[in-house]
Amino acid sequence: MTASSPPPRLAAILSTLQGQPRTLPELSVALGSSLSAIEGMLRMLFSSGYIQDASPQADGCACNGCSLKSLCRNADGELPPVNLLRLTPRGEAYLTRQTRTS
(Lines give C-alpha, C1' and ligand atoms only; values in the text may rest on other atoms or scores of the structure.)
Protein backbone atom coordinates (compact mmCIF):
# COMPACT_ATOMS: atom_id res chain seq x y z
CA MET A 1 0.00 0.00 0.00
CA THR A 2 1.37 3.43 -0.95
CA ALA A 3 0.74 6.68 0.87
CA SER A 4 -1.92 7.65 -1.72
CA SER A 5 -3.68 4.26 -1.71
CA PRO A 6 -6.71 3.66 0.49
CA PRO A 7 -6.46 1.11 3.33
CA PRO A 8 -7.93 -2.37 2.64
CA ARG A 9 -11.35 -1.64 4.22
CA LEU A 10 -11.73 1.45 2.05
CA ALA A 11 -10.64 -0.57 -0.97
CA ALA A 12 -13.54 -2.94 -0.23
CA ILE A 13 -15.94 -0.01 -0.59
CA LEU A 14 -14.38 0.89 -3.93
CA SER A 15 -14.80 -2.69 -5.13
CA THR A 16 -18.44 -2.67 -4.05
CA LEU A 17 -19.06 0.53 -6.03
CA GLN A 18 -17.36 -0.78 -9.16
CA GLY A 19 -19.83 -0.97 -12.01
CA GLN A 20 -22.88 0.10 -10.01
CA PRO A 21 -23.65 3.34 -8.17
CA ARG A 22 -25.00 2.61 -4.68
CA THR A 23 -26.58 4.40 -1.76
CA LEU A 24 -25.21 4.47 1.78
CA PRO A 25 -27.76 1.87 3.01
CA GLU A 26 -26.94 -0.42 0.07
CA LEU A 27 -23.23 -0.19 0.87
CA SER A 28 -23.91 -0.86 4.55
CA VAL A 29 -25.76 -4.08 3.74
CA ALA A 30 -23.29 -5.22 1.08
CA LEU A 31 -20.30 -4.70 3.40
CA GLY A 32 -21.95 -5.82 6.65
CA SER A 33 -21.06 -2.57 8.44
CA SER A 34 -23.06 0.06 10.27
CA LEU A 35 -24.26 3.16 8.45
CA SER A 36 -22.08 5.39 10.65
CA ALA A 37 -18.93 3.33 9.98
CA ILE A 38 -19.54 3.36 6.22
CA GLU A 39 -20.36 7.08 6.26
CA GLY A 40 -17.02 7.92 7.87
CA MET A 41 -15.12 5.84 5.32
CA LEU A 42 -17.09 7.41 2.46
CA ARG A 43 -16.12 10.89 3.65
CA MET A 44 -12.47 9.90 3.47
CA LEU A 45 -12.84 8.38 -0.02
CA PHE A 46 -14.84 11.39 -1.23
CA SER A 47 -12.31 13.92 0.06
CA SER A 48 -9.47 11.87 -1.47
CA GLY A 49 -11.15 11.89 -4.88
CA TYR A 50 -11.94 8.16 -5.16
CA ILE A 51 -15.75 8.50 -5.20
CA GLN A 52 -18.27 11.15 -6.21
CA ASP A 53 -21.94 11.92 -5.99
CA ALA A 54 -24.08 10.38 -8.72
CA SER A 55 -27.42 11.72 -7.48
CA PRO A 56 -29.76 13.49 -9.87
CA GLN A 57 -29.52 17.27 -10.06
CA ALA A 58 -32.12 19.83 -11.03
CA ASP A 59 -30.80 19.98 -14.61
CA GLY A 60 -30.47 16.21 -15.06
CA CYS A 61 -28.56 13.26 -13.69
CA ALA A 62 -25.05 13.88 -12.36
CA CYS A 63 -24.03 10.65 -14.07
CA ASN A 64 -24.24 12.39 -17.47
CA GLY A 65 -23.10 9.72 -19.92
CA CYS A 66 -23.08 6.90 -17.37
CA SER A 67 -23.72 3.57 -19.07
CA LEU A 68 -25.99 2.61 -16.16
CA LYS A 69 -28.24 5.65 -16.49
CA SER A 70 -31.04 3.63 -18.08
CA LEU A 71 -31.06 1.37 -14.99
CA CYS A 72 -30.72 4.16 -12.43
CA ARG A 73 -33.74 4.44 -10.18
CA ASN A 74 -32.97 8.15 -9.66
CA ALA A 75 -32.50 9.25 -13.27
CA ASP A 76 -36.21 9.78 -14.01
CA GLY A 77 -36.85 11.90 -10.92
CA GLU A 78 -39.73 9.73 -9.66
CA LEU A 79 -38.07 9.08 -6.32
CA PRO A 80 -36.76 11.74 -3.97
CA PRO A 81 -33.02 12.31 -4.40
CA VAL A 82 -30.94 9.54 -2.84
CA ASN A 83 -27.30 9.97 -1.89
CA LEU A 84 -26.04 7.80 -4.74
CA LEU A 85 -22.28 7.28 -4.99
CA ARG A 86 -20.02 6.10 -7.79
CA LEU A 87 -16.31 5.76 -8.48
CA THR A 88 -14.27 8.58 -9.97
CA PRO A 89 -11.65 7.92 -12.64
CA ARG A 90 -9.12 7.86 -9.78
CA GLY A 91 -11.12 5.14 -8.00
CA GLU A 92 -11.39 3.11 -11.21
CA ALA A 93 -7.64 3.45 -11.81
CA TYR A 94 -6.91 2.25 -8.27
CA LEU A 95 -9.01 -0.90 -8.77
CA THR A 96 -7.37 -1.55 -12.14
CA ARG A 97 -3.93 -1.37 -10.51
CA GLN A 98 -5.08 -3.71 -7.72
CA THR A 99 -6.34 -6.25 -10.26
CA ARG A 100 -3.02 -6.22 -12.10
CA THR A 101 -0.97 -6.78 -8.92
CA SER A 102 -3.21 -9.52 -7.54
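Described below are features of the structure shown in this document. (Residues numbered from 1 in each chain as written. Predicted model: local features only at pLDDT ≥ 70, side-chain atom pairs only at ≥ 80, totals over all residues. Heavy atoms only, no water.)

**A look at the pairing of strand β5 (residues 84-87)**
Here is step 1: Both faces of β5 are covered, namely the face carrying Leu84 and Arg86 and the face carrying Leu85 and Leu87.
Here is step 2: Direction of pairing for strand β1 (residues 22-23) relative to β5: antiparallel, over a ladder of two bridges. From the neighbouring strand, Arg22 faces β5, where its bridge partner is Leu85.
Here is step 3: The pairing of strand β2 (residues 51-53) with β5 spans three bridges and is antiparallel. Counterpart to Gln52 in the pairing with β5 is Arg86. (Buried < 20%, exposed > 50% of the residue type's maximum accessible area, 1.4 Å probe, protein only. Helix = DSSP H or I, 4+ residues; strand = E, 2+ residues; numbered from the N terminus. Pairing = 2+ DSSP bridges.)

**Considerations on the nonpolar core**
Here is step 1: If you look at the biggest cluster of nonpolar residues, it comprises 18 residues, and the most contacted ones within it are Ile13, Leu14, Leu17, Ile38, Leu42, Leu45 and Ile51.
Here is step 2: Elements that contribute at least two residues to this core include exactly α1 (8-17), α2 (24-31), α3 (35-47), β5 and α4 (89-101).
Here is step 3: Considering every element that reaches this core, the biggest residue donor is α1, with five residues. (Core = buried A, V, L, I, M, F, W, Y, C linked by side-chain atoms within 4.5 Å.)

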